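This is what each chain is made of:
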Amino acid sequence: MKILLYHQHLSKSANLIEGRLLLLDSESPSIANTYIATSGLPNNQRFDCLSSPGKGSIPANNVIGNDCYLVATTPIYMPSVKGVEGNFYKINPHMVTVNGVQRGDFGIHFDANVPGSSGCVVLRTDIGWQAFEKDMKNLLTSGVKEIPLLVSYSR
């Protein structure tokens, strides 16, 4: 079974903080792939911003009381959506609540516009994005329709 794990250090910074998205193989157990990624916008990648729609990083699983998110392995093609401008891998649940604030519409996509995201997990390099798309296609071809995503942060 394959699992995605997104981890990032959260702190107060005017610079974009990058994290890592790992594709784990729980049967081996091993890391099948590592991608440079980020979530949130500069100045908004702190724990107190996890409830900030359109700015903060995707909330960690323990913050929303959910064991894991699920990522669809079939992409949605969104060429005209600013920031996505290509394939978008939807993350469910569609909406979550953090400190009484609803957030959602999360996905995994290439960081195609200004550095960072409105809460999505975005891959930062062309080579990483191509590898991620290949990995998702391989999962889909082998019959996997969605893959668990664990989100964790350190301070």
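Residues numbered from 1 in each chain as written. Predicted model: local features only at pLDDT ≥ 70, side-chain atom pairs only at ≥ 80, totals over all residues. Heavy atoms only, no water.

Asker: Which parts of the structure should I look at to understand the pattern of salt bridges?
Answerer: Close approach of charged atoms allows side chains of opposite charge to pair. Using the criterion set out here, one finds 4 salt bridges in the structure. The shortest N-O distance in the salt bridge between Glu 18 and Arg 124 comes to 3.0 Å. A residue pair is termed long-range when its members are at least 10 positions apart, and Glu 18 in the loop between strand S1 (2–9) and strand S2 (19–25) and Arg 124 in the loop between strand S10 (121–123) and helix H2 (126–141) qualify at 106 residues. In this structure, Asp 111 engages Arg 124 in a salt bridge whose closest nitrogen and oxygen atoms are separated by 2.5 Å. Of the two residues, Asp 111 sits in the loop between strand S9 (107–110) and S10 while Arg 124 sits in the loop between S10 and H2, which places them 13 residues apart along the sequence. Asp 111 gets classed as buried once you look at its relative accessible area, which sits at 10%. (Salt bridge = Lys/Arg side-chain N within 4 Å of Asp/Glu carboxyl O. Helix = DSSP H or I, 4+ residues; strand = E, 2+ residues; numbered from the N terminus. Buried < 20%, exposed > 50% of the residue type's maximum accessible area, 1.4 Å probe, protein only.)

Asker: Would you mind going over the packing of aromatic side chains with me for this structure?
Answerer: Overall, the coordinates contain 8 aromatic pairs when judged by the stated rule. Aromatic side chains Tyr 69 and Phe 106 sit 6.5 Å apart centroid to centroid with 85° between the ring planes, which places their arrangement in the edge-to-face category. On the criterion of sequence distance, the pair formed by Tyr 69 in strand S4 (residues 69–72) and Phe 106 in the loop between strand S8 (101–104) and S9 is long-range, its members being 37 residues apart. Of the residues examined, Tyr 69 reaches a relative accessible area of 0% and is grouped as buried. Taking relative accessible area as the criterion, Phe 106 reaches 1% and is therefore assigned buried. Within the aromatic cluster, the residues linked to one another by ring pairs are Tyr 35, Tyr 89, Phe 110, Trp 129 and Phe 132. A cation over an aromatic ring shows up here: Arg 155 above the ring of Phe 47, its NZ or CZ 3.9 Å from the ring centre. (Phe/Tyr/Trp six-rings, centres within 6.5 Å; stacked < 30°, edge-to-face > 60°. Lys NZ or Arg CZ within 6 Å of the ring centre and 35° of its normal.)

Asker: Is there a simple way to explain the side chain of Thr 73 in this structure?
Answerer: By the secondary structure assignment, Thr 73 is in the loop between S4 and strand S5 (76–78). For Thr 73, a relative accessible area of 1% gives the class buried. At 2.6 Å, the side chain of Thr 73 and the backbone oxygen of Val 144 are in polar contact. Among residues more than four places away in sequence, those in contact with Thr 73 are Tyr 89, Met 136, Leu 139, Leu 140, Val 144, Lys 145, Glu 146 and Ile 147. (Polar contact = N/O pair within 3.5 Å; in protein donor to acceptor, adjacent residues only side chain to side chain. Contact = heavy atoms within 4.5 Å.)

Asker: It is not clear to me how the state of the cysteines should be interpreted in this structure. Could you clarify?
Answerer: Here a disulfide denotes a covalent bond joining the sulfur atom of one cysteine to the sulfur atom of another. Going through the model one piece at a time under the given rule, you end up with 0 disulfides. A disulfide-free cysteine, Cys 49 has its sulfur positioned 16 Å from the sulfur of Cys 120, the nearest such atom. Looking at Cys 120, the relative accessible area reads 9%, which means it is buried. (Disulfide = S-S within 2.5 Å.)

Asker: Before we go on, may I ask you to explain the nonpolar core in this structure?
Answerer: Proteins that are soluble and globular tend to have nonpolar side chains buried together. Leu 4, Leu 21, Ile 108, Phe 132 and Leu 149 are the most contacted members of the largest nonpolar core, which has 29 residues in total. Apart from residues lying up to four places away in sequence, Ile 108 is in contact with Leu 4, Leu 21, Val 71, Asn 87, Phe 88, Tyr 89, Ile 91, Val 121, Leu 123, Trp 129 and Phe 132. (Core = buried A, V, L, I, M, F, W, Y, C linked by side-chain atoms within 4.5 Å.)

Asker: Hey, could you run me through the side chain of Asn 44 in this one?
Answerer: Tracing the chain through its elements places Asn 44 in the loop between strand S3 (30–39) and helix H1 (61–64). Overall, Asn 44 belongs to the buried group, its relative accessible area being 15%. Of the polar contacts made by the side chain of Asn 44, one reaches the backbone oxygen of Pro 42; its length is 3.2 Å. Aside from chain neighbours lying at most four places away, what touches Asn 44 is Cys 49, Lys 55, Gly 56 and Ser 57.

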